[in-house]
Amino acid sequence: MHLDGKIPGGPLPQKWERRKLEYALVSPANRRKYRVLVVGTGLAGASAAATLGELGYRVECVFFHDSPRRAHSIAAQGGINAAKNYQNDGDSVQRLFQDTIKGGDYRAREGNVYRLAEVSLRIIDQCVAQGVPFAREYGGKLANRSFGGAQVSRTFYARGQTGQQLLLGAYQALLRQVQAGTVRISPRTEMLDLVVANGKARGIVARDLVTGEIRTFVADAVVLATGGYGNAYFLSTYARNSNATAIWRAHRRGAYFANPCFTQIHPTCIPVSGEHQSKLTLMSESLRNDGRIWVPLRAGDERSPEQIPEDQRDYYLERRYPSYGNLTPRDVASRAAKAVCDEGRGVGKSGLGVYLDFADAIRRLGADVIGERYGNLFAMYAEITGDDPYRTPMRIYPAIHYTMGGLWVDYDLMSTIDGLFVIGEANFSDHGANRLGASALMQGLADGYFIAPLAVGSYLARAKPPAIDDSHPAFEEARKATAARIERLLSVHGKRTAASFHRELGKLLWDQCGMSRSRAGLESALARIPELREKFYREILVPGHGESLNRELETAGRVADYFELAELICRDALRREESCGGHFREEYQTPDGEALRDDEHFAYVAAWEWREGEPPVLHKEPLVFEAAPPMQRSYK
Amino acid sequence: MRIALEVWRQRSPEEPGRFVRYETAEASPDMSLLELLDVVNEDLVRKGEEPIAFDSDCREGICGTCGFMVNGLAHGPLKGAAACQVYLRNFRDGETLFLEPFRAKAFPLIKDLVINRSALDRIIAAGGYVSVNTGNAPEANTSTIPKDFAEEAMDAAACIACGACIAACPNASAALFTGAKITHLGKLPQGQPERGRRALRMVRAAAAEGFGHCTFAGECETACPKSIPLQVITQMNRDYLAARLRGEGRAPTRHIEPGTPKRRR
Ligand SMILES: Cc1cc2nc3c(=O)[nH]c(=O)nc-3n(C[C@H](O)[C@H](O)[C@H](O)COP(=O)(O)OP(=O)(O)OC[C@H]3O[C@@H](n4cnc5c(N)ncnc54)[C@H](O)[C@@H]3O)c2cc1C
Ligand code: SF4
Ligand code: FES
């Protein structure tokens, strides 16, 4: 199959305008006739469902949380980018576009990224109008901060709770539509399969997590906004219940999966403290505005940080990347941390940690100013570790944080299945091989408020999907297949918990397909994952039954899908014989240890097609760079 | 360290519940209380027993999914922390902890420590928003908001809808939760046009859900993991009263065409 990104013609600044004119419209009176199913209520899903409801479509919104407001987006801390140039520091749509393309290491589509930068302006307007309490200057205007990978201040924030406040804005807009009767919500309902009838996405099969009932939802178009798949690695900064089942099931039904190996490792997380650990906590990137990162100059130096004099410290980011310093992008900062720890210079009990030190900033600005900027993050750190960051440097280490890869979509955010749209972190679109800080929130809201509602409308106007109900054989087949999968998990009666398998798989992925990857490591992982999966189906133990709230059953189903996904992640990483962004292959690096990209052979989107019982097939969508010609990505 | 748990187990709303004791030897001070529950649960599963059902997601105090009573205190002994942020270093070695669900008429129990809090969504749906469709917004910096106002709005907007205030309240009142949203939007220029209507509708929705009246017992403020201050309740009462006095929310007077025959009173 030929992959057509459907990028509109013409110069970059005119593409989106042009596409909007090309879109077919549904008249207001006819919109009520169409049913749109939105799965997920994070920034992407809530904003899309609310906007589709406002337009007058009949929207059904399904999510596994107990309230739409609890989606994982709620946890985003640092901020959201927009090219407003309120700071008069030389920002513009063009510059945000260039930073994002370069930050993504030239593995994203120019057309999409340019549109993202353009739409960013309106997102801030919309959120302010909804009452999102962004930080303000004394004059009453909006405040900004800087994030990694940019030399301008374009990040808008609401203390360390930006995701929370943006999500509440979208959630409130969504509930306003629920009240108005345009949107119906189904909480505690988990999508377990996609239904494709006559070549078009027509609904889903889902399990009511309270009663265990297997339900079907019928629609004229389906929008997946189910978030990223980083929890395949077990330990990550994701919420515990974030999972890949929705996109994985859609993949198995025909949606191509793009760039699965592009996973992001965040440099500033609280290091692992023990075996029991259930998740890793992020310390926002914004801390790197004022904190300085260092390790002892000498390996094995076990003195406490206060006892190490200035000239025996290595501020390695400032040393290696003088122009960006502590604000180098995430992939670069994470690898640099790994490098110093590999040299034996890591700090803390495990030796897997580096210092993030605020002493200079506190001296310069005072503890009050620092407290105002980062107070809640400092408190969170103190609660978890028992250390006080006002007195002693934080200890941080990289952790899985975000997935740039996801279901393949064209410029209109439609997957390779007609009528299946994928938005937010669940798609692969705008971040290439590495996402810049504060750009996920921007993308989620751009997709949800401003792009998907128009694209979905145009699809409905053109495709005019015929009436269908859940007696169609495709629904029957999907329902049966789902019930059979559940039955299989319940009937093994083995001896191991789903969590124990998940932990084992996660460790394998982290070791072989984490911060650095090699042919040998990936090949060994590809040999071990199927063995582990077989063991899973022999030894899994799920107590209870399917007809009630059963957390073990939920987890087991998600872990089952991670096995297949993990294999695809490794396969993609093996196939991509270059280093770019978050994907670092040890075989491909410059003499000073920087990523060595290979534009001649790998300037493409890798889109994988599922084949039952045989290896997946790779399809390539070539990437063309006209406005931002690829350069070696240097932050020196 | 050793921690014993007495956990409320109840398979369904129809069946009776009871406390069940679990002894744990694997506890360590760096472990969170929820991680201890994970450990207990893995043991139960390995024995083929049903694990303790409890809700959690972010495990960093922001999503509001977690929450139960620990020794009679909503979210446990720490001020300004949700249950997921409570680490075992805050307990004594050998201590026994009683865990039971948040109890309120408007929070029906689902299983063990899991409850249904969708009543809170319905209070927001009644009016906890600014009515602005996507695309309607003016350029963001055309409205200026004094920094203090923005900060106060943010203080109130920090609510995570966990329901602890309700569980802690002798009247099971949702005043702190409702007041927090009313205050958040009421502090901002964007929230002004609907301010009275919002207060009326949200307060009435809370009553209709079966939440009690506020008698200023003050338990909610102490239980709140986000330290939402009692002032939000004062603000709510003020907005509600002002709206009532202005006659907002009453049926609008009908316009009468000249010449229409007058009816008897
Ligand atoms: C700790 C942390 C901090 C971050 N900070 C920032 C930041 O400062 N700036 C920034 O730009 N980005 C940040 N990010 C990234 C950003 O938060 C996410 O990429 C973004 O919020 C994803 O939003 P989403 O709408 O795509 O999905 P999510 O918010 O993950 O929502 C997924 C939704 O899908 C539903 N769902 C999933 N699967 C199913 C299923 N099978 N059935 C039914 N429903 C399902 C869930 O219930 C949920 O409603 C951060 C991420 C983390 C982990
Ligand atoms: S006011 Fe506080 S206690 Fe009540 S729901 Fe909000 S965060 Fe929870
Ligand atoms: S799990 Fe999110 S607040 Fe506790």
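Note that the coordinates shown come from a computational prediction; the quantities given were computed from them, not determined experimentally. (Residues numbered from 1 in each chain as written. Chains lettered and ligands numbered in written order. Predicted model: local features only at pLDDT ≥ 70, side-chain atom pairs only at ≥ 80, totals over all residues. Heavy atoms only, no water.)

Q: So, the environment of Arg 198 of chain B: which residues are in play, and what are the values?
A: All names here are of chain B. Summarising the element assignment, Arg 198 is placed in helix 6 (residues 195–208). Owing to a relative accessible area of 2%, Arg 198 belongs among the buried residues under this scheme. Expressed as a C-alpha distance, the spacing of Arg 198 and Ala 126, which sit 72 residues apart in the sequence, is 7.6 Å. Excluding its chain neighbours within four sequence positions, the residues that come into contact with Arg 198 are Gly 127, Tyr 129, Val 130, Ile 182, Leu 185, Gly 186 and Gly 191. (Helix = DSSP H or I, 4+ residues; strand = E, 2+ residues; numbered from the N terminus. Buried < 20%, exposed > 50% of the residue type's maximum accessible area, 1.4 Å probe, protein only. Contact = heavy atoms within 4.5 Å.)

Q: Explain the interface of chain B and chain A residue by residue, including any values.
A: At the interface, 74 residues of chain B touch 76 residues of chain A. Counting the surface lost from both chain B and chain A, the interface buries some 6,300 Å², and carbon and sulfur atoms represent 49% of this. Inspection of the region where chain B meets chain A yields ten salt bridges. Glu 139 of chain B is paired through a salt bridge with Lys 84 of chain A; the nearest N and O atoms lie 2.8 Å apart. Connecting chain B to chain A are 50 residue pairs in polar contact (both at pLDDT 80 or more). Where the side of chain B that touches chain A is concerned, the elements lending two or more residues are helix 1 (33–46), strand 6 (109–111), strand 7 (114–115), helix 2 (118–125), helix 3 (147–157) and helix 5 (175–186) of chain B. Considering every element that reaches the side of chain B that touches chain A, the biggest residue donor is helix 3 of chain B, with seven residues. Among the residues forming the side of chain B that touches chain A, the class breakdown is 35 nonpolar, 18 polar and 21 charged. (Buried area = accessible area lost by both parts, 1.4 Å probe. Salt bridge = Lys/Arg side-chain N within 4 Å of Asp/Glu carboxyl O. Polar contact = N/O pair within 3.5 Å; in protein donor to acceptor, adjacent residues only side chain to side chain. Nonpolar A, V, L, I, M, F, W, Y, C, P; charged D, E, K, R; others polar.)

Q: Can you break down the sheet that holds strand 11 (residues 263–269) of chain A residue by residue, with the values?
A: Residues and elements named next belong to chain A. Taken together, the five strands give an open sheet; going across it, the order is 11-15-14-12-13, and neighbouring strands pair in antiparallel fashion. The sheet is open, and its two edges are formed by strand 11 and strand 13 (313–314), each paired on a single side. Two elements, strand 11 and strand 15 (residues 394–403), share five bridges in a ladder whose sense is antiparallel. Across the sheet, Ile 265 pairs through a bridge with Ile 400, a residue of strand 15. (Pairing = 2+ DSSP bridges.)

Q: Describe the side chain of Ser 118 of chain B, naming the residues involved and giving the relevant values.
A: Take Ser 118 of chain B: it is sitting in helix 2. Residue Ser 118 of chain B is classed as buried on the basis of its relative accessible area of 16%.

Q: Before we move on, could you go through the pairing of strand 18 (residues 604–609) of chain A and cite the residues and values that matter?
A: Residues and elements named next belong to chain A. Of all six residues making up strand 18, six are buried, and the element is well covered by its neighbours. Of the two faces of strand 18, the one lined by Tyr 604, Ala 606 and Trp 608 and the one lined by Val 605, Ala 607 and Glu 609 are each fully buried. Relative to strand 19 (residues 617–622), strand 18 runs antiparallel, the two being bridged by six bridges. Across the sheet, Trp 608 pairs through a bridge with Leu 618, a residue of strand 19.

Q: Break down the domain arrangement of chain B for me, with residues and values.
A: All names here are of chain B. The domains assigned to chain B are domain 1 (3–110) and domain 2 (117–131 + 143–246). Computed over C-alpha atoms only, the centres of domain 1 and domain 2 are separated by 28 Å. In this complex, domain 1 contributes 19 residues to the contact, which on the side of domain 2 involves 19 residues. Each partner contributes to the roughly 1,400 Å² buried at the junction of domain 1 and domain 2, and carbon and sulfur atoms together form 62% of this total. Contact with domain 2 buries surface across domain 1, with Gly 64, Ala 106 and Phe 107 losing the most and accounting together for 33% of the total. The interface formed by domain 1 and domain 2 includes zero salt bridges. (Domains from an automatic or database assignment.)

Q: Break down the packing of helix 4 (residues 93–103) of chain A against helix 5 (residues 110–130) of chain A for me, citing the residues and quoting the values.
A: All names here are of chain A. For the pair helix 4 and helix 5, the least separation of the axes is 9 Å and the interaxial angle reads 135°. Looking at the two axes, helix 4 sits oblique to helix 5. The hand of the helix 4/helix 5 crossing is right-handed. Along the contact surface, helix 4 presents Val 93, Gln 94, Leu 96, Phe 97, Thr 100 and Ile 101, while helix 5 presents Glu 110, Val 113, Tyr 114, Ala 117, Glu 118, Ser 120 and Leu 121. Within the contact of helix 4 with helix 5, the residues separate by chemical class into eight nonpolar, three polar and two charged. (Axes fitted to C-alpha atoms, helices over the stretch in contact; angles between N-to-C directions. Parallel < 35°, antiparallel > 145°, perpendicular 65-115°, else oblique. Left-handed = near helix turned anticlockwise from the far one by under 90°.)

Q: Residue-level account of the site of ligand 1, with values.
A: All names here are of chain A. Residues in close proximity to ligand 1 total 36 residues, the closest being His 65, Ser 73, Gly 78, Met 191 and Glu 425. Residue Ser 73 places a side-chain N or O atom 2.5 Å away from an oxygen atom belonging to ligand 1. The separation between an oxygen atom of ligand 1 and a polar side-chain atom of Glu 425 is 2.6 Å. Relative to its free-state accessible area of 1,000 Å², ligand 1 is covered by the protein chains to the extent of 98%. Looking at the shell around ligand 1 element by element, the count peaks at three residues for strand 6 (residues 189–197). The class makeup of the residues in the shell around ligand 1 is 17 nonpolar, 16 polar and three charged. (Near = heavy atom within 4 Å. Areas by Shrake-Rupley, 256 points an atom, 1.4 Å probe, with all protein chains shown as cover.)

Q: Describe the sheet that holds strand 2 (residues 58–62) of chain A, naming the residues involved and giving the relevant values.
A: All names here are of chain A. Reading across the sheet, the five strands line up as 5-2-1-9-17 and stay open at both edges, with parallel pairing between neighbours. Unpaired on one side and paired on the other, strand 5 (183–186) and strand 17 (420–422) mark the two borders of the sheet. Put simply, the sheet's adjacent strands are angled 20° from each other on average, direction ignored. Across three bridges, the pairing between strand 9 (residues 221–224) and strand 17 is parallel. Bridge pairing links Leu 224 to Val 422 in strand 17. Here helix 12 (residues 440–463) sits on the sheet in contact with strand 1 (35–39), strand 9 and strand 17, set at roughly 160° to strand 9.

Q: Outline the domain arrangement of chain A, listing residues and values.
A: Residues and elements named next belong to chain A. Domain annotation for chain A reports domain 1 (266–401) and domain 2 (473–608). Once you take the C-alpha centre of each, domain 1 and domain 2 turn out to be 30 Å apart. The interface is formed by eleven residues belonging to domain 1 together with ten residues belonging to domain 2. Buried surface at the junction of domain 1 and domain 2, summed over both partners, amounts to about 830 Å²; 57% is from carbon and sulfur atoms. For domain 1, the biggest contributors to the area lost against domain 2 are Asp 331, Arg 335 and Lys 338; these three give 51% of the whole. At the boundary of domain 1 with domain 2, the tally comes to one salt bridge. With a closest N to O distance of 3.2 Å, Arg 320 and Glu 594 form a salt bridge. Taken together, the connections running from domain 1 to domain 2 amount to three residue pairs in polar contact (both at pLDDT 80 or more).

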